[in-house]
Amino acid sequence: MALLPGEVVARFSGSAEPVIYRAPGRVNLIGEHTDYNLGFVLPIALDMACYTAILPADHSCLRIYSRDMDREFCIGVAELTFAKPRGEWSDYVVGVARELATAGFPIEPCDLYIASDVPAGAGLSSSAALEIATAMALLGERRMGRIEIARLGQRAESQFVGMPCGIMDQYAAVFGHSGAALKIDCRSLEHEYVQLPENVRIIAVNSMVKHELGTSAYRQRVAECQEAVAAIRKSDPHVQSLRDVTLERFQAIEATIPEIARRRARHVISDNRRVVDFSAAARSGDLAEMGRLFVASHRSMQHDYEISCEEIDFLVDTAIEIPGVYGARMTGGGFGGCTVNLVAPEAVANFEQHLGAAYQEWYGKAPAFYECRPAEGASRA
Ligand code: ADP
Ligand code: MG
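The shown structure was predicted, so the numbers you read here are calculated from the model rather than taken from an experiment.

Conventions we followed
Residues numbered from 1 in each chain as written. Chains lettered and ligands numbered in written order. Predicted model: local features only at pLDDT ≥ 70, side-chain atom pairs only at ≥ 80, totals over all residues. Heavy atoms only, no water. Near = heavy atom within 4 Å. Polar contact = N/O pair within 3.5 Å; in protein donor to acceptor, adjacent residues only side chain to side chain. Areas by Shrake-Rupley, 256 points an atom, 1.4 Å probe, with all protein chains shown as cover. Helix = DSSP H or I, 4+ residues; strand = E, 2+ residues; numbered from the N terminus. Expected span 1.5 Å × (residues − 1). Buried < 20%, exposed > 50% of the residue type's maximum accessible area, 1.4 Å probe, protein only. Contact = heavy atoms within 4.5 Å. Pairing = 2+ DSSP bridges. Lys, Arg positive; Asp, Glu negative; His and termini not counted. Salt bridge = Lys/Arg side-chain N within 4 Å of Asp/Glu carboxyl O. Axes fitted to C-alpha atoms, helices over the stretch in contact; angles between N-to-C directions. Parallel < 35°, antiparallel > 145°, perpendicular 65-115°, else oblique. Left-handed = near helix turned anticlockwise from the far one by under 90°. Domains from an automatic or database assignment. Buried area = accessible area lost by both parts, 1.4 Å probe. Nonpolar A, V, L, I, M, F, W, Y, C, P; charged D, E, K, R; others polar. Core = buried A, V, L, I, M, F, W, Y, C linked by side-chain atoms within 4.5 Å.

Q: Tell me about the site of ligand 1, and please be specific about residues and values.
A: Close to ligand 1 lie 18 residues; S66, D68, G121, S126 and S127 are nearest. In this structure, S66 approaches ligand 1 through a side-chain N or O atom, which is 2.8 Å from a nitrogen atom. A distance of 2.6 Å separates a nitrogen atom of ligand 1 from a polar side-chain atom of D68. Protein chains shield 81% of the accessible area of ligand 1, which is 570 Å² for the free molecule. Among the elements of the structure, β6 (110-116) and α3 (126-139) are those that each provide at least two residues to the shell around ligand 1. When residues of the shell around ligand 1 are assigned to their parent elements, the largest contribution, three residues, is made by α3.

Next comes the structure, spelled out in structure tokens:
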């Protein structure tokens, strides 16, 4: 466990035993920016997780300490329902507490101690791990449906933090399963497991860069997808989201869509298809096809959705030239963060050595490598 009860007690000098909850980060294998278009995604939950410990307190506040930030924040529990975001890390926690209070789960005064081994801002969803671990801790023994917990985390992030995200990250943090990827239908909110072939390793590579464009570009993409839907509805009035448009239909009508919206739609609609095709390829153990779909997805993000960046393109382009690499693509919201790579087990050491050295030489910093094995979703730790 990444968090020991002793350090929690020492921090808050309480006498009660803390209760600790964990929620995992995730790496998305394929289907990027498809979740808020109500399509498909294919993440795996990671064994890197956020841990939130809770202790009852005799003050009147929600007191939050993040070990990773070494920062503390307090807010009176009576003030939660009219709290305003401050534009910093505590918003994720306050947002969750506020959503719980609004949903009829009042927050009692308590101390929360947060420690995470999901790298923050790297596209591995440290934010949803934090939201879900915190929601679990604040709920305690009170029951809430697991889908509702995921949706509550998403609401906290989109409505309080101000990031108009889809459901993927919180869903993966709740429903992760060891031994399989989750193919999530972001419209029906159902999932199925996709077993991955034994003879491949999933390696995330952290570029250690995060370009500031993040939130504003994300917002812009959401709006551009809505523009595409509005254009498509002129010929196909039943279309509610890009999920409703097949690739074949898109190709037939794409000339009627303004250029930027057309490219954004092409990415979303084709990546939806790639989730379905990748899942089929994974089930039949077709590593070459899985790799091909990874690279096609990356090119689509690079050229049509325009959410990649130089460092990430370098990691992908270098990786796919290394023997034993089936495919590589950016994962997560974009503009930095991580790539995800499909690598033959015997090729992993050479892959890390070669890619690490090339990146170091070109960008003067060492990337971090994480071997990703599917893990279970949120639970008491
Ligand atoms: P990602 O979810 O890909 O890691 P985000 O930008 O969505 O990136 O979320 C990162 C933000 O979440 C951080 O900047 C910080 O505000 C918050 N966060 C994540 N983990 C922690 C933590 N352990 N302690 C405090 N804040 C955290
Ligand atoms: Mg996030």
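Q: Give me helix α2 (residues 90-102): which residues, what numbers.
A: Taking 1.5 Å per residue, 13 residues should reach 18 Å; α2 reaches 18 Å between its end C-alpha atoms and fits that length. What α2 keeps buried is the set S90, D91, V93, V94, G95, V96, A97, E99 and L100. Buried positions along α2 lie against β4 (61-66), β5 (71-76), β6, α3 and α4 (146-161). A positive backbone phi angle near 95 degrees is found at G104, which sits one or two residues after α2.

Q: Can you explain the pairing of strand β8 (residues 190-194)? Please cite residues and give values.
A: Direction of pairing for strand β7 (residues 181-185) relative to β8: antiparallel, over a ladder of five bridges. Bridge assignment links K183 to a residue of β8, and that residue is E192.

Q: Mind laying out unusual backbone geometry, listing which residues take part and the relevant values?
A: Negative phi values dominate among residues other than glycine, just as trans dominates among peptide bonds. One non-glycine residue with positive phi stands out, namely L38, at about 60 degrees. For L38, the position within the fold is in the loop between β1 (19-28) and β2 (40-41). Here the phi dihedral of M208 falls at roughly 65 degrees; this positive angle occurs in a residue that is not glycine. Tracing the sequence through the fold places M208 in strand β9 (residues 201-210).

Q: Explain the side chain of E311 to me, and be specific about the residues and the numbers.
A: Positionally, E311 belongs in helix α10 (residues 310-319). Buried charged residue E311 carries no salt bridge. Nearest counter-charge: K365, at 6.0 Å. Not counting chain neighbours up to four residues away, the residues in contact with E311 comprise V209, H211, Y359 and Y363.

Q: Break down the packing of α3 against α4 for me, with residues and values.
A: Relative to each other, α3 and α4 sit at 120 degrees, their axes nearing to 9 Å. Viewed along their axes, α3 and α4 adopt a mutual orientation that is oblique. Crossing of α3 over α4 shows right-handed handedness. Of the residues in α4, those touching α3 at S127, A128, E131, I132, A135, M136 and L139 are I149, A150, L152, G153 and E157.

Q: So what about the domain arrangement of the protein chain? Which residues, and what values?
A: For the protein chain, the assigned domains read domain 1 (5-195) and domain 2 (201-371). On a C-alpha basis, the centroid separation for the pair domain 1 and domain 2 is 26 Å. Between domain 1 and domain 2, roughly 3,000 Å² of surface is buried when both sides are summed, and carbon and sulfur atoms account for 62% of that area. There are four salt bridges connecting domain 1 and domain 2. Across the contact surface, domain 1 and domain 2 share 21 residue pairs in polar contact (both at pLDDT 80 or more). Every element with two or more residues in the side of domain 1 that touches domain 2 is listed here: β1, β2, β3 (43-56), β7 and β8. A breakdown of the residues in the side of domain 1 that touches domain 2 according to their chemical character gives 18 nonpolar, 11 polar and seven charged.

Q: Just give me the short version of the sheet that holds β4, but keep the residues and values in it.
A: The strand order across the open sheet built from six strands is β5-β4-β6-β3-β1-β13, with neighbouring strands paired in mixed fashion. Here the strands that pair on one side only, and so sit at the sheet edges, are β5 and β13 (379-380). Seen against the sheet, α3 touches β1, β3, β4, β6 and β13 and runs at an angle of roughly 155 degrees to β1. Along the sheet, helix α5 (residues 168-175) makes contact with β1 and β3, crossing β1 at roughly 125 degrees.

Q: Before we move on, can you summarise the nonpolar core with the specific residues and values?
A: Residues L29, L62, I64, L100, L112, L138 and F278 are the most contacted members of the largest nonpolar core, which totals 79 residues. Shared between two domains, this core holds at least three residues of each, these being domain 1 (5-195) and domain 2 (201-371). With residues near it in sequence (within four places) discarded, L112 still touches F12, T52, A53, I54, L62, R63, I64, Y65, V93, T134, A137 and L138.

Q: Account for the sheet that holds strand β12 (residues 368-371), with residues named and values stated.
A: Strand pairs in the sheet, formed through backbone hydrogen bonds, run parallel or antiparallel to each other. As summarised here, the arrangement of the four strands in space is β10-β11-β9-β12, forming an open sheet in which the pairing is antiparallel. The strands lining the two open edges of the sheet, one partner per strand, are β10 (325-331) and β12. Strand-to-strand twist across the sheet, computed as the mean angle between neighbouring axes with direction ignored, equals 25 degrees. Strands β9, β10 and β11 (336-343) of the sheet are contacted by α10, whose axis makes an angle of about 10 degrees with β11. Contacting β9, β10, β11 and β12, helix α11 (residues 348-363) crosses the sheet at an angle of about 15 degrees to β9.

Q: Tell me what's going on with helix α6 (residues 214-233), and back it up with residues and numbers.
A: Compared with the 28 Å implied by 1.5 Å per residue over 20 residues, the 29 Å span of α6 between its first and last C-alpha is a close match. Every buried residue belonging to α6 is among G214, A217, Y218, R221, V222, E224, C225, A228, V229, A231 and I232, and all of these are buried. The elements touched by buried residues of α6 are α7 (247-253), α8 (259-283) and α9 (287-305).

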